[in-house]
Amino acid sequence: MAAAVAGKGSARRLLRVPPGWYCSSCQGTRSVASPSSARVRQAFLQFFKERHGHQVVPSAPVRPRGDPGLLFVNAGMNQFKPIFLGSADPRSELASYRRVVNSQKCVRAGGKHNDLEDVGRDVYHHTFFEMLGNWSFGDYFKEEACSMAWELLTQVYEIPKDRLYVTYFGGDASLSLSADEESREIWLSLGVPPSHVLPFQLKDNFWEMGDTGPCGPCTEIHYDHVGRGRNAAALVNQGNPEVVEIWNLVFMQYSREADGSLQQLPEHHVDTGMGLERLMTILQNKRSNYDTDLFTPLLDAIHKGCGGPSYRGLVGEADPGSVDMAYRVVADHVRTLSVCIADGVYPGMSGAELVLRQILRRAVRFCSEVLHAPPGFLASLVPVVVEILLQRVCSLIAHEDAFLSSLLRGRHIINRTLQQMEHSKVFPVEVAWSLHSNLGFPLDLIGLMLKEKGVQLDVAALDHLAREDAEPQQEQRAGMHLDLHALAKLRQDGVPATDDSPKFAYELGQDGRYVFHPCQATVLMLYRDGSFQKEVGRGQQCGVLLDRTCFYGEQGGQAPDQGYMLHAAQQDMLFPVVSVQVSGGYVVHEVIVSETLKVGDQVQLFVDEAQRLACMTNHTATHLLNFALRQVLGDGTEQQGSHVTAEYLRFSTRQRGVLITLQIIQPSFLPSCPPLFQVYPDLVRVVSIGVPVERVLAAQSKDATSTSVELCCGTHLLQTGDVQDFTIVSERQLVKGISHIVAVTREQAKQAREAGQTLAKEVDSLTVRVKLGGTVIDEAQRLSKEVGQLTIIVDRTTIPQWQKRELQATLKTLQRTANTAVRKLEIRLAAEKADDLLAKYSNQPVIIDTIPVESPSVLMKVVNQLCDKVPGSSVMLLSPQASGQVFCACQVSKSSLPVFSAADWALAVCTQMGGKAGGSGVVARGSGTTSDLQGVLTAALEYAKSKL
């Protein structure tokens, strides 16, 4: 008994609260302080670290790393997926984990797990939340995991045992899976009564990572908010807010295969997750997450800043004007925005950035339209979330107040469209998509605004438009990646990870050229059609695993090497290497087998030297560009991503301002590069330019601030003078503050400069001719057309970006000048034609005739001038062309409206000629073809007489 009491006291000390503290939800007669969320979080981490030997690992950023299929980190297990998949590099720290614990920042918005539209409608959905979790990677399993969870909940947090219910997997006959009786017996042995241990089916108690991959049964712990001795077993997993799940323990022991079958994993893992927000409702005796100390300071700040009614926790029809819903939306969204921006995810135009932009605009809309908050209010809430992020997060959120004007315009468009819909209840999908693509309205926000007015959106049609818009942006990449079973098989068979250090084995020859040394290697495994083979025949494609390689596998934004292998015993056997991938420390060479290749064969490896050198050049240039941008734009400049190929480098950077032409006209690093400006890689792949790594890493060294120093796994030049030439050929901002730069080096840069010089001469020549001008319309129109054609050429040709901007500005001015010259000549010619007709028809009320002109615009100007000179007249002129087409233009006297309409007149005449027409009640134009021009003139006159 004494030992039990001592254990309980020790557990309570993890919370660092007075010994008299108990779970507030079960101590109705006690008036003691509830634990803060900070204490609860710390107690969780300390419990697993100090009492059960777990390593505390920091939360991963909410931007996923190495997982392109995921918009945000949405679960605690995301950063450990390489372990579950067996793809973790054996030399990495990740591969050394056995038992770990952390509190993970999670965002569930967009993608498969999307809670965005539910936030605010109830009192428990969030886009951002914290997931407390502990993991075992091939260490402990079910018994230890259940025991630890029960100990933490009942002894540390002192949650009453009779309030807790546990569920387990009850089996699935269709998959030949028996019930998880092992988990059931463990819970019973821990003292959970049989009436509180409940079996459930696949959908509730079998967890899967995806359509394929690791999976297994799970056991969940549920809490009854009511208690008072009742049995709430019937309410578990029924969606009842009184009985909620608080902790999920997943036992990964199977792998779901592509054919749907299940196989045992090489190692068993434990993955648990408990939401901090939901846990706090229990420990602080609340029914709503928004009533805990994680949200109440925000809700108080919203009330103080808006001056409206205070937050009451109402939902649905009980919440008039959706005021409380707005409180919850704004409080949730500003937390999400603050955390995401702090982790480097900024509102943008695609992917996670687009989702964050939707969250920001949803928050702005609720602030403005429901809470009637002043401009800039949303940003003022940031200090409540976290003071250290105030400046950056606040400025980015405050900038989005510009969306208010778009919100106003969009609301007007929606209201006008609704008025035109008459009795329809389905909003036009084209209008919705236009609001989204042109004004930046999040689609869910459009749906919400329409729902408030009782109108629906055709979601299927909208999805179709979204897919059509996204299709050109899709990039399909082929590769030969090893799955988790393949990696497990390799390790089980003792196949060592590939030694790829020879990829750095190159040097400068005496003639200044790079020498790439061939590499001797042994074939360890052949991988084809998802399995390992000892031999692959001629003409087939397979993955070749070697003991060592000089090929660079695709990683770090650098494209993979290409080249070939030679059979050591038969030098005429060449095997092309089309791509190289890295999986779990193994380098897989995608090879086209020209003759039979076997395990154990000796091969010689040769990289495509030109392709490798081009990648090296562009990669080193990328580092130099990054450094130069920081020097020019300041420390606020941050790299957002890069991609290096043999043809170009692409670099994305965030900066406070915009890059102006003078800043990109000539990168500052090129003139200062001496012929032997050295790059010093060392074993941990710190790449320093101009200063040895040892000096950079020395204590109190300031060298890192005066040169480019980056962690990098890529291949680089040995001297920056070998870049030879560099030019930025594209710089654009799809999102404010983020520049996407494309640059080329060496011969491509030289060609770009030469192309720019050639185009500059053409623009200069055209400028002289435009200034001289044409004396006749034909010549002026030809010059105008030339300007347009040269503009297209400049837009499409790869030339230095600074030069492109200058030429585009010059051509824009030239186009205005040329168009003005054409317009003046047309007006002069129209005046002459109008005078001739005036002499012929004097002051007749209807004038109908044919005249020879070469463009519809001149014809329209003749009509306009004639009507100006004969007020009260209605005029229609036709102009037959050599092609057989007939132009038509007309203007109706305003005194004849609305009986006589120009649009109707032109339509009637052009329809008779088998053509089309359009315009307004006063002026209209069209065209058609006819062999009976006189008949058309007669019909035009008869139509006019019938209306006058």
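Basis of the calculations
One numbering rule holds for all chains: residues counted from 1, following each sequence as written. Given that the model is predicted, a residue must reach a pLDDT of at least 70 before its local features are reported, and side-chain atom pairs must reach 80 or more before they are shown or counted; all residues, however, enter totals for whole chains, interfaces and linings. As a rule here, side-chain values come from all non-hydrogen atoms in the structure, and water together with hydrogens is ignored. Throughout this description, buried means an accessible area under 20% of the type-specific maximum (1.4 Å probe, protein chains only), exposed means over 50%, and partly exposed covers the range between. Elements are defined by DSSP. Helices are runs of H or I of four residues or more, strands are runs of E of two residues or more, and each kind is numbered from the N terminus. Note on pairing: DSSP must find at least two bridges between two strands before they are called paired. Buried Ala, Val, Leu, Ile, Met, Phe, Trp, Tyr and Cys residues form a nonpolar core when they are joined through side-chain atoms within 4.5 Å. These domain limits were set by an automatic method or by a database of domain assignments. Contacts are assigned to residue pairs with any non-hydrogen atoms lying within 4.5 Å of each other. Salt bridge, as used here: a side-chain nitrogen of Lys or Arg that lies within 4 Å of a carboxyl oxygen of Asp or Glu. For helices, the fitted axis covers only the stretch in contact; all axes are lines through C-alpha atoms, and the angles between them, taken along N-to-C directions, range from 0 to 180 degrees. Should an angle lie under 35 degrees it is considered roughly parallel, over 145 roughly antiparallel, and from 65 to 115 roughly perpendicular; all remaining angles are considered oblique. Only Asp, Glu, Lys and Arg are considered charged, only Ala, Val, Leu, Ile, Met, Phe, Trp, Tyr, Cys and Pro nonpolar, and every remaining residue, Gly among them, polar.

Engineer: For this particular structure, what's the right way to read the pairing of strand 14 (residues 519-528)?
Structural biologist: Along any regular strand, the residues point their side chains to alternate faces of the sheet. Counting buried positions along strand 14 gives seven out of 10 residues, so the element sits mostly inside the fold. Here strand 14 pairs with strand 22 (residues 602-607) via four bridges, running antiparallel. Looking across to strand 22, one finds that C519 is bridged to L605. Bridge analysis of strand 14 against strand 17 (residues 541-546) gives four bridges, and the strand direction is antiparallel. Looking across to strand 17, one finds that L526 is bridged to V544. Here strand 14 pairs with strand 15 (residues 531-533) via three bridges, running antiparallel. When the bridges of strand 15 are listed, R528 appears paired with S531. Where strand 14 hands over to strand 15, the hairpin turn is made up of two residues, of which D529 adopts a positive phi near 55°.

Engineer: Whenever I open this one, the nonpolar core confuses me. Can you help?
Structural biologist: By size, the foremost hydrophobic cluster in this structure holds 89 residues, and its most contacted members are F44, Y157, I221, W247 and L378. It is helix 9 (residues 323-342) that contributes the most residues to this core, 12 residues altogether. A domain-level breakdown of this core finds at least three residues from each of domain 1 (37-286) and domain 2 (294-397). Filtering out sequence-adjacent residues up to four positions away, F44 remains in contact with V101, N102, L132, G133, N134, L152, Y157, W247 and M274. C519, V591, V723 and F726 belong to the second largest nonpolar core, which has 41 residues in total.

Engineer: I would appreciate a short explanation of the pattern of salt bridges in the present structure.
Structural biologist: Opposite charge on two side chains permits pairing when their charged atoms draw close. Applying the stated criterion across every chain, the model contains 26 salt bridges. A salt bridge links R99 to D139; the shortest N-O distance between them is 2.9 Å. With R99 in strand 2 (residues 99-107) and D139 in the loop between strand 3 (128-137) and helix 4 (142-156), the pair connects residues that are 40 residues apart, well separated along the chain. For R99, a relative accessible area of 22% puts it in the partly exposed group. D835 is the partner of K869 in a salt bridge, and the nearest nitrogen-oxygen pair spans 2.5 Å. Highlighted residues: K869 in helix 25 (residues 856-869) and D835 in helix 24 (residues 801-841), separated in sequence by 34 residues. We classify K869 as partly exposed; its relative accessible area is 34%.

Engineer: Would you take a moment to explain the packing of helix 10 (residues 351-370) against helix 16 (residues 443-451) for this structure?
Structural biologist: Axis separation between helix 10 and helix 16 bottoms out at 9 Å; the angle between their running directions is 30°. Taken as axis vectors, helix 10 and helix 16 run roughly parallel relative to one another. In this structure, helix 10 uses Q358, R361, R362, R365 and F366 to contact helix 16, whose residues at the interface are L443, D444, L445, L448 and M449. Broken down by class, the residue content of the contact of helix 10 with helix 16 amounts to five nonpolar, one polar and four charged.

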